[in-house]
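Now for the letters of each chain:
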Amino acid sequence: MLGGAYLLFGKKSLDKSNNSPTAVFTPAATSQAKPTFSLKEVAKHSQKGDCWLVIEDKVYDLSSFTNHPGGDIYLQYCGGEATSAFQTKAGRGQPHSTEAKNRLKNFYLGDLNREN
Ligand code: HEM
């Protein structure tokens, strides 16, 4: 009985001394957890305030994107494929900056599934 209490106490204090987190979310683990979406699903989000688009087979939710330095031009691509528009700034032949590509990551929703 006393021994059991000692064991219990011993175990508890061992647990408390272990401060390392039990689950670590690495970027790789987080992106693996993202769902995939079909083009049909993306097409349902085709307007300002409800805008999904596809860049390089990744789906982005730009519904809350309100401060685009290029203005509303991206809204034409809501609901569909926007890879070449993003890469050329809609035919200007000029790629977006690294900063723009980094900002894009904040809107990443999941990968495109072309099979359905
Ligand atoms: C998908 C369609 C898009 C089109 C057609 C487009 C087009 C443009 C245009 C015409 C400009 C202004 C001209 C210039 O600065 O050279 C611009 C600037 C910019 N855009 Fe976009 N854009 C799109 C999406 C996005 C997205 C999704 C982001 C970020 C989440 C973004 C971030 C920026 C930034 C930061 C700039 C300032 C210049 C730079 O850093 O390259 N754009 N864009």
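Residues numbered from 1 in each chain as written. Predicted model: local features only at pLDDT ≥ 70, side-chain atom pairs only at ≥ 80, totals over all residues.

A. Representation of the site of the ligand in the model. As a structural note, the neighbourhood of the ligand is formed by 23 residues, with Gly-70, Tyr-74, Ala-90, Ser-97 and Ala-100 the closest of them. Taken together, the elements giving at least two residues each to the shell around the ligand come down to helix H4 (83-88) and helix H5 (98-105). Considering each element in turn, the shell around the ligand owes the most residues, 4 residues, to H5. Its residues placed into classes, the shell around the ligand shows 14 nonpolar, 5 polar and 4 charged. (Near = placed C-beta within 6 Å. Helix = DSSP H or I, 4+ residues; strand = E, 2+ residues; numbered from the N terminus. Nonpolar A, V, L, I, M, F, W, Y, C, P; charged D, E, K, R; others polar.)

B. Region of the structure containing the environment of Gln-94. Within the fold, Gln-94 resides in the loop between H4 and H5. Apart from residues lying up to four places away in sequence, Gln-94 is in contact with Thr-88 and Lys-89. (Contact = placed C-beta atoms within 7 Å.)

C. Structural detail: the nonpolar core. Formed by 15 residues in total, the largest nonpolar core has its most connected members in Trp-52, Leu-53, Val-54, Ile-55, Val-59, Tyr-60 and Ala-82. By residue number, the principal contributor to this core is strand S3 (residues 50-55), which donates 5 residues. (Core = buried A, V, L, I, M, F, W, Y, C linked by C-beta atoms within 7 Å. Buried ≥ 20, exposed ≤ 12 C-beta atoms within 10 Å, placed from the backbone.)

Purely geometric numbers; function is a separate question.
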